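Now for the letters of each chain:
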Amino acid sequence: MDVTTKARQDIGIDDQLPPSAHPTTIGLMLDMIIGPTSAREEIRAVAVTTVFGSFTAGGTSEELGNDTDSQVLAALREWADVILVGSGTVKAEDYGPADTPIAVVSRSLNFDTSAILFGGAPPLILTPEASLTDTALADRRQALTRAGCSLVSTGEGGAGEIVEKLRELGYGRIICEGGPSLYADMFAHSLIDVLHLTIDPRTNGEPAGLQGDFTVNLELEQVQTDGSFLFARYRRV
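Residues numbered from 1 in each chain as written. Predicted model: local features only at pLDDT ≥ 70, side-chain atom pairs only at ≥ 80, totals over all residues. Heavy atoms only, no water.

## As for the overall build of the protein chain
Applicable threshold: In this description a helix means any DSSP run of H or I spanning at least four residues, a strand means any run of E spanning at least two, and both kinds are numbered starting from the N terminus. Residue exposure (1.4 Å probe, protein chains only): buried if accessible area is under 20% of the type maximum, exposed if over 50%, otherwise partly exposed. Two residues qualify as a contact provided that any one of their heavy atoms is within 4.5 Å of a heavy atom in the partner residue. Areas reported here follow the Shrake-Rupley algorithm with a probe of radius 1.4 Å; residue values treat only the protein chains shown as occluding.
What the protein chain contains, in helices and strands, is 8 helices and 9 strands. Expressed as a percentage of its 237 residues, the buried residues of the protein chain come to 43%. Residue pairs in contact within the protein chain that sit at least 24 positions apart in sequence constitute 65% of those at least 6 positions apart. Counting only carbon and sulfur atoms, one obtains 49% of the accessible surface of the protein chain, whose full area is about 11500 Å².

What follows is the structure, given as structure tokens:
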């Protein structure tokens, strides 16, 4: 079973389709969006934004995207060895457990371990060495350890060290799910190989774009549409 077929089944999308939307057609579109999946080591980012680049509507990304966007995310998670995500996104989006291991980047180690994220396989917590030795964070480290989490040092905590540690742990295929500060750090260090970007056909006044003094050139590899939603796949030049 390919990743796009499993993605549709995982979210029950085939049961929701109108008669005109045949699963085979949707599967072909997803295959086009996801693209080649043979690389054993690759880092992809997936994001949904408004037309003018805001990552949120009403403070989170929950209202953005459509069923096809959900399928893209599910297929990329199926492709990946690990999900890389910042702690702010985990909390804002109320992340739950996933079939694919989740690695959460955090400096503060400030988590509510009763959250649904900790209800399944415990996430991997990626944190700078300083956060592992700071006596002020001892209670937070203990709470995460009691929840079954592994706390892994990422040295100074930069994007390159995060990726290096994940590779040391055997995770070759990495899907980065944000948020904006993690995207920016990863792009600034030229670590994102492929970007999957969904553009939601709306505008709003919420913050847009990535912050930082960097420029990364991307090449458009594929674009698909679903109604007025646009699905683009870019590769770093």
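## Overview of the sheet that holds strand S9 (residues 229-236)
Inclusion rule: Strand pairing is defined by DSSP finding a minimum of two bridges between the two strands. Simply put, an axis is a line fit to the C-alpha atoms, just over the touching stretch for a helix, and the angle between two N-to-C directions goes from 0 to 180 degrees.
One open sheet holds the 9 strands; their spatial order is S5-S4-S3-S2-S6-S1-S7-S9-S8, and the pairing between them is mixed. Only two strands of the sheet have a single neighbouring strand rather than two, namely strand S5 (150-153) and strand S8 (218-226). Direction aside, neighbouring strands of the sheet carry axes that sit 25° apart on average. Lying over the sheet, helix H3 (residues 67-79) contacts strand S1 (42-50), strand S2 (82-86), strand S6 (173-176), strand S7 (194-200), S8 and S9, oriented at roughly 165° with respect to S1.

## Considering unusual backbone geometry
The omega angle of the peptide bond from Gly178 to Gly179 is 5°, so this bond is cis rather than trans. For Gly179, the position within the fold is in the loop between S6 and helix H8 (180-188).

## Describing the environment of Tyr183
Cut-off, in case you're wondering: Here a polar contact means two N or O atoms within 3.5 Å. Within protein one must be a hydrogen donor candidate and the other an acceptor candidate, and residues neighboring in sequence count only if both atoms are side-chain atoms.
Relative to the helices and strands, Tyr183 is located in helix H8. For the pair Tyr183 and Ala159, spaced 24 residues apart in sequence, the C-alpha separation works out to 9.4 Å. Beyond its immediate chain neighbours, meaning those up to four positions away, Tyr183 contacts Ala45, Val46, Ala47, Phe55, Cys176, Glu177, Gly178 and Leu210. Side-chain polar atoms of Tyr183 contact the backbone oxygen of Glu177, separated by 3.3 Å.

## Description of the packing of aromatic side chains
What counts is decided by this rule: Here a Phe, Tyr or Trp ring, Trp counted by its six-membered ring, pairs with any other such ring whose centre lies within 6.5 Å, and the pair is stacked when the planes are under 30 degrees apart, edge-to-face when over 60, and tilted otherwise. Only when the NZ atom of a Lys or the CZ atom of an Arg is both within 6 Å of the ring centre and within 35 degrees of the ring normal do we say a charge sits over the ring.
Tallied over the full model, the rule gives 2 aromatic pairs. Geometrically, the ring pair formed by Phe55 and Tyr183 is stacked, given 5.7 Å between the ring centres and 25° between the ring planes. Here Phe55, found in the loop between S1 and H3, pairs with Tyr183, found in helix H8; they are 128 residues apart in sequence, far enough to count as distant. For the residue pair Phe55 and Tyr183, the accessibility class agrees, reading buried in each case. Taking the centre distance of 6.0 Å and the plane angle of 75° together, the rings of Phe111 and Phe118 count as edge-to-face. By the burial criterion, Phe111 is buried, and Phe118 matches it. Here the basic side chain of Arg44 rests over the ring of Trp79, its NZ or CZ set 4.8 Å away from the ring centre.

Interpretation in functional terms is not warranted from these geometric data alone.
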